[in-house]
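Descriptive analysis of the structure
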Amino acid sequence: MPHLGTLIGCLLSGDVFARYYKLKGHEVVHVSGTDAHGTRMEFEALQRGITPQQLVDQVHQQIVETLHKFDIHLENYTITRSPIHQRFVQEIYKKMEANGYILTKDEERAYCQNCKKFLADSFIVGTCPRCKYDCAYGDQCSQCGAILEAEQLIGPQCQICKQSQIAFKKTRNWYLDLKKLEPQLREYVSTHQEWAPNVKNFTEGLLKDGLKPRAVTRDLQWGISAPFAGAEGKVIYVWAEAALGYVSATIEYFEKRGERERWRDFWFGDDVKQVYTQGKDNITFHTLIFPGQLLASRENYHLPDQIAATEHLQWIGKQRFSKSQKIGLFSDDALELTDPLYWRFYLLYNRPERKDTEFSWEDLDKAVNGVLINNISNLLNRIVSLAHRSYGGIYPQANVYPEIFKQIKSAKEEYEEIIESGLLAPALRRVTDLAVLGNEYVQRNKPWESSKPEVILSTLQLLKAIAILLEPFVPAFSRRAYTILGLEQPSFEDVLKIEPETKLGPAEVLLQKIETQALREKYAQMKSA
């Protein structure tokens, strides 16, 4: 199950961007999927005593259920065991090879003499040669993000038998020639000066060091069969096929709709914008490797536009999330603790965009109780109740206070600019600023003391704007707010519109406060079980 850091880094952030662009009236196709292959999946299945396919089916179903519970919508959440994905991967690699971007190398690869097996990725662990982290895998160091080969690890150990009987045995592998692609990738990266600093700096650092050919095959049984002559018994390495799933998932989506060629509208030409969400340890794959694969096909694919990568969300004490060590909060546990609406708000309000951030119960309390409930939900209930009591449950006839309208317009424009630059937390906080403004305005004017229809109308206009702008972030809350405000699926442009005499729904308390101490205690019990 994904932990909170994975959730905010990838699928939840992607959901917000997709909902935002839909709210603005764009046609959006949000796709992703479960990575079925790779040694981590094979290794986990081995430990559980089941087949990789059985494990993949379990994991995929769990993720699908998690997405539904967190109100995360995708047009197609697929799996890389899909026949469409496997066919696409093999076809595009044949094109890369025909175009001269695939080369072979005879080399010595890590081999466990005890297990009689070549080792890669999760099957081998050791010390990172770059940052000295002592639990780096054979493909990447999760501490510093360095892309590695198993042979580079210091003190490598087989994860299957826990022995260090590692030898280096000759084998042939096929490589993507990133060095040959480097001039094209440099040109591509140079056209995206708008990328966030973490994305731009990391990518430019890799280019400064110079790119090297990267193996795309492995001596494994579980995976997509390599389509190259002489590569029988080898599979395409998981990192070398997973990102291609963005394309195959789009193809699959439109094939299911009976529109076989429409996927091309989203992958060719300039009349499209592509947004990718991931954690910082996957920046490389989205700014260099995946674009390199598309370039190597010479099919003139539209290359990734916005790379909205987060920094890491760490557990209390700056610990890394670990299910096996019971460190951190995973999505299934989070759902047991409280409403997923609250987790969405907390994670997006504190999305780690500039630096690594640390989970805290205090920040959860501030975001949910202090901001979402006290400042927004309670204001909504308070003003709608006053409108029912004093104006018959309709938007009163009056004029919106000019300063309120000005602030709404300014917030809407800033919100658009922030999201379209690839950030989410500042946009959400800009919306919550409007709630602070609304509470101060109401307190200053005291509409409960005398008839002040302009105050009620102005605050209702403010609340309407807040509800619409919150929709990409907490759609479940916005849906409830729309009912109370008498709105029927408003558009983005409705933020600045008001219609006096619109009938309001009944006032009600939408959200109940959370007791963070009780959640803390329940979490401790769950971890000790």
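Rules used throughout
Residues numbered from 1 in each chain as written. Predicted model: local features only at pLDDT ≥ 70, side-chain atom pairs only at ≥ 80, totals over all residues. Heavy atoms only, no water. Core = buried A, V, L, I, M, F, W, Y, C linked by side-chain atoms within 4.5 Å. Buried < 20%, exposed > 50% of the residue type's maximum accessible area, 1.4 Å probe, protein only. Helix = DSSP H or I, 4+ residues; strand = E, 2+ residues; numbered from the N terminus. Salt bridge = Lys/Arg side-chain N within 4 Å of Asp/Glu carboxyl O. Axes fitted to C-alpha atoms, helices over the stretch in contact; angles between N-to-C directions. Parallel < 35°, antiparallel > 145°, perpendicular 65-115°, else oblique. Left-handed = near helix turned anticlockwise from the far one by under 90°. Contact = heavy atoms within 4.5 Å. Nonpolar A, V, L, I, M, F, W, Y, C, P; charged D, E, K, R; others polar. Pairing = 2+ DSSP bridges. Right-handed = clockwise from strand over helix to strand, strands pointing away.

Examining the nonpolar core
Ranked by size, the top nonpolar core spans 106 residues in total, and within it L4, W343, Y415, F473, F477 and L485 carry the most contacts. Per-element tally for this core: the top contributor is helix 13 (residues 361–391), with 15 residues. Ranked by size, the runner-up nonpolar core spans 56 residues in total, among them Y101, L176, L211 and Y246.

Focus: the pattern of salt bridges
Pairing between side chains of opposite charge can happen when their charged atoms approach one another. The tally for this structure, following the rule as stated, stands at 35 salt bridges. Linking R186 and E182 is a salt bridge whose minimum nitrogen-to-oxygen distance equals 2.8 Å. Of this pair, R186 and E182 both sit in helix 6 (residues 178–190), separated by four residues, roughly a single helical turn. Assessed through its relative accessible area of 38%, R186 is described here as partly exposed. With a shortest N-O distance of 3.6 Å, R260 and E255 are connected by a salt bridge. Since its relative accessible area comes to 52%, R260 is described here as exposed. Judged by its relative accessible area of 21%, E255 falls in the partly exposed class. A cluster of three or more residues bridged by salt bridges with shared partners is formed by E107, R109, E149, E151, R214 and R218.

Some points on the packing of helix 6 against helix 10 (residues 283–297)
Axes are the key here: two packed helices are described by the angle between their axes and the distance separating the axes. As a packed pair, helix 6 and helix 10 sit with axes 9 Å apart at the nearest point and diverge in direction by 110°. Classified by the angle their axes make, helix 6 and helix 10 are roughly perpendicular. Crossing handedness for the pair helix 6 and helix 10: right-handed. Every residue of helix 10 that contacts helix 6 at L178, L181, Q184, L185, Y188 and V189 is listed here: H286, T287, L288, I289, P291, G292, L295 and A296. Along the lines of polarity and charge, the residues of the contact of helix 6 with helix 10 split into ten nonpolar, four polar and no charged.

Remarks on the pairing of strand 13 (residues 275–279)
With four of its five residues buried, strand 13 lies for the most part within the structure. Taken together, the five bridges between strand 13 and strand 14 (residues 306–310) define a ladder with parallel strand orientation. In the strand pairing of strand 14, Y276 is matched with I307. Taken together, strand 13, helix 10 and strand 14 constitute a β-α-β crossover, and its handedness is right-handed.

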